[in-house]
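Residue strings, one per chain:
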Amino acid sequence: MPTPPAAPPTTILTAVGEEWAGSVLPAAVRDRLAAHGPVVDLATADDGALAAARVLVTGWGAPVLDAATLDRLPRLELVAHAAGSVWGLVTPEAWARGVRVTSAAHANARAVADFTVSMVHLAVKNVLRLGLTAAQKHAMPGRDGIRGLDGAVVGLVGFGLIARLTAAALRPLDVRLLGHDPYYDAGDARRAGVELVGLPELLAASDVVSVHAPLTDGTRGMLGAAELGLLAPSATLINTARGGLVDHDALARLLADREDLFAVLDVTDPEPLPAGHPLLGLSNVFLTPHVAGSLGTEEARLGHAAADEVERWAAGEPLRHEVRPEQLPFTA
Ligand SMILES: NC(=O)c1ccc[n+]([C@@H]2O[C@H](COP(=O)([O-])OP(=O)(O)OC[C@H]3O[C@@H](n4cnc5c(N)ncnc54)[C@H](O)[C@@H]3O)[C@@H](O)[C@H]2O)c1
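Residues numbered from 1 in each chain as written. Predicted model: local features only at pLDDT ≥ 70, side-chain atom pairs only at ≥ 80, totals over all residues. Heavy atoms only, no water.

Draft legend 1. Summary view of the overall build of the protein chain. Across its full length, the protein chain holds 13 helices and 13 strands. For the protein chain, the spread of C-alpha atoms along the three principal axes comes to 85 × 45 × 35 Å. Per-residue burial over the protein chain gives 48% buried out of 332 residues. Taking all contacts inside the protein chain whose residues are at least 6 apart in sequence as the whole, residues at least 24 apart take part in 66%. (Helix = DSSP H or I, 4+ residues; strand = E, 2+ residues; numbered from the N terminus. Buried < 20%, exposed > 50% of the residue type's maximum accessible area, 1.4 Å probe, protein only. Contact = heavy atoms within 4.5 Å.)

In structure tokens, the structure reads:
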């Protein structure tokens, strides 16, 4: 008589908002998860599935893992978050229960770094300003004052996942890379081709300043009027991080006064900007609606990154992207 198959070791619960469930967890991701147990949506799971669950795959739109939710998941060991930040998802209660948490922030970082590198190239050739000018004036602009890439100084504020991928992509080019990060080792940065400097020095020396710090109580408004006033002539400020890092009133005033400066803002505060906001009326600002991270076809990367971690967990291997509570105060 054939040996019956071993019972699945766990139910794999999923909790991804309806808007993203299909794109973050497409069939290819679900098939990978299903190799480790029945895949069941947390919202519709019966008591048996909840009781058997050792793994929960979360994503944008997942419920907060508070005591009430955790009480329903007595065997939960691993939360594999198929998105970036776990702020607002994982509570002190979850850490206290010893639940391990991994994040797909590294997979999301790839998209933001690609966006940033693209914007650096566009910035040094004034491409966005030229395109906006042509549309506004109904006439082709001239080519004066284009800096070009070679010898440009690119300053990265915050040297975490996204900034490091951005630096790695820019390093082979003829650019000088500066960074500012109070928590990153200067020697490690040097080995990545980046010179860590103080924020004022970075702002004053960079042709392109790109913001990659997390929004925390300590970083809110870190680019205020005084800091923004240090920007070098004809510099471009790129913000793909969080709008709250930059004082928007000060930025709008500065950009109105100094037409040589340009800003690329993928994130704003508030988001979206309300109609009539001063930044919406300026010709030296290029605004995008928070599109730098994984979107559309890129969202499946997040699910696959979570599945990678579930596979490592199931094989008893070390997790590669475990989030530790002590990192949270200074990371995204
Ligand atoms: N636009 C988007 O779609 C999108 C997508 C993903 C992430 N983000 C944002 O991008 C930013 C960077 O994300 P990440 O994944 O690289 O984060 P990360 O946590 O890997 O890196 C953040 C870095 O900032 C550093 N830092 C902390 N305080 C600082 C300070 N006062 N000054 C300078 N550096 C400081 C930390 O030491 C860390 O190295 C975050 O704000 C995140 O929310 C935006």
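Draft legend 2. Fine view of the nonpolar core. Ranked by size, the top nonpolar core spans 32 residues in total, and within it Leu223, Leu228, Leu231, Leu251, Leu255 and Leu279 carry the most contacts. Sorting elements by how many residues they give to this core places helix α12 (residues 248-257) first, with 5 residues. For leucine 255, the contacting residues outside a window of four places in its chain are Leu261, Phe262, Ala263, Leu279, Leu282, Asn284 and Val285. Membership of the second largest hydrophobic core comes to 25 residues, among which are Ala152, Leu156, Phe262 and Ala292. (Core = buried A, V, L, I, M, F, W, Y, C linked by side-chain atoms within 4.5 Å.)

Draft legend 3. Summary view of the sheet that holds strand β3 (residues 53-58). Taken in spatial order, the 6 strands line up as β2-β1-β3-β4-β5-β13 in an open sheet, and their pairing is mixed. Edge positions in the open sheet fall to β2 (39-41) and β13 (322-323), since each of these has one partner strand only. Of the pairings in the sheet, the one linking strand β1 (residues 11-15) to β3 comprises 5 bridges and is parallel in character. Each bridged residue has a counterpart across the sheet, and for leucine 13 the counterpart in β3 is leucine 56. (Pairing = 2+ DSSP bridges.)

Draft legend 4. Highlighting the site of the ligand. In the vicinity of the ligand, 27 residues are found, and the nearest of them are Asp181, Ala213, Thr240, Gly293 and Ala332. Between an oxygen atom of the ligand and a side-chain N or O atom of aspartate 181, the distance comes to 2.7 Å. Between arginine 242 and the ligand, the recorded distance is 3.3 Å, taken from a side-chain N or O atom to an oxygen atom. Within the complex, the protein chains bury 89% of what would otherwise be the 870 Å² of accessible surface of the ligand. Breaking the shell around the ligand down by element, the ones donating at least two residues are α6 (105-124) and α8 (161-170). (Near = heavy atom within 4 Å. Polar contact = N/O pair within 3.5 Å; in protein donor to acceptor, adjacent residues only side chain to side chain. Areas by Shrake-Rupley, 256 points an atom, 1.4 Å probe, with all protein chains shown as cover.)

Draft legend 5. Region of interest: unusual backbone geometry. The omega torsion of the bond from aspartate 269 to proline 270 falls at 0°, within 30 degrees of zero and hence cis. Counting through the fold element by element, proline 270 comes out in the loop between β11 (262-265) and β12 (285-287). The linkage connecting glutamate 271 with the following residue, proline 272, adopts the cis geometry, with an omega of -5°. Within the secondary structure, proline 272 sits in the loop between β11 and β12. If you check the backbone angles, serine 234 has positive phi at about 65° while not being a glycine. Along the polypeptide, serine 234 turns up in the loop between α11 (225-228) and β10 (236-239).

Draft legend 6. Fine view of the sheet that holds β10. Taken in spatial order, the 7 strands line up as β8-β7-β6-β9-β10-β11-β12 in an open sheet, and their pairing is parallel. The open sheet is flanked by β8 (195-196) and β12, the only strands paired with a single partner. Note: β10 against β11, 4 bridges, orientation parallel. Its bridge partner lying in β11, leucine 237 is registered against alanine 263. Set on the sheet, helix α7 (residues 127-137) makes contact with β11 and β12; between it and β11 the angle comes to about 95°. (Axes fitted to C-alpha atoms, helices over the stretch in contact; angles between N-to-C directions.)

Draft legend 7. Representation of the packing of aromatic side chains in the model. Per the counting criterion, the structure on display carries 3 aromatic pairs. Look at phenylalanine 159 and tyrosine 184: their rings are 5.1 Å apart centre to centre, the planes differ by 85°, and that puts the pair in the edge-to-face class. Taken together, the residues span a long stretch of sequence, with phenylalanine 159 in the loop between β6 (152-157) and α8 and tyrosine 184 in the loop between β7 (175-180) and α9 (186-191) at a distance of 25 residues. Judged by its relative accessible area of 0%, phenylalanine 159 falls in the buried class. Owing to a relative accessible area of 24%, tyrosine 184 belongs among the partly exposed residues under this scheme. (Phe/Tyr/Trp six-rings, centres within 6.5 Å; stacked < 30°, edge-to-face > 60°.)

Draft legend 8. A look at the domain arrangement of the protein chain. What the domain assignment reports for the protein chain is domain 1 (11-103 + 296-330) and domain 2 (109-287). Relative to domain 2, the C-alpha centre of domain 1 lies at a distance of 34 Å. Listed per partner, the contact involves 4 residues of domain 1 and 5 residues of domain 2. At the boundary of domain 1 with domain 2, total buried surface from both sides reaches about 360 Å², with 66% on carbon and sulfur atoms. It is Arg301, Pro329 and Phe330 in domain 1 that bury the most area against domain 2; as a group they hold 84% of the surface buried on that side. The tally of links from domain 1 across to domain 2 stands at 0 salt bridges. The tally of links between domain 1 and domain 2 comes to 0 residue pairs in polar contact (both at pLDDT 80 or more). Residue composition of the side of domain 1 that touches domain 2, grouped by class: 2 nonpolar, no polar and 2 charged. (Domains from an automatic or database assignment. Buried area = accessible area lost by both parts, 1.4 Å probe. Salt bridge = Lys/Arg side-chain N within 4 Å of Asp/Glu carboxyl O. Nonpolar A, V, L, I, M, F, W, Y, C, P; charged D, E, K, R; others polar.)

Draft legend 9. Structural view of the environment of arginine 190. Position of arginine 190 among the secondary structure elements: in helix α9. Residue class for arginine 190 comes out exposed when judged on its relative accessible area of 60%. For the pair arginine 190 and leucine 177, spaced 13 residues apart in the sequence, the C-alpha separation amounts to 9.7 Å.

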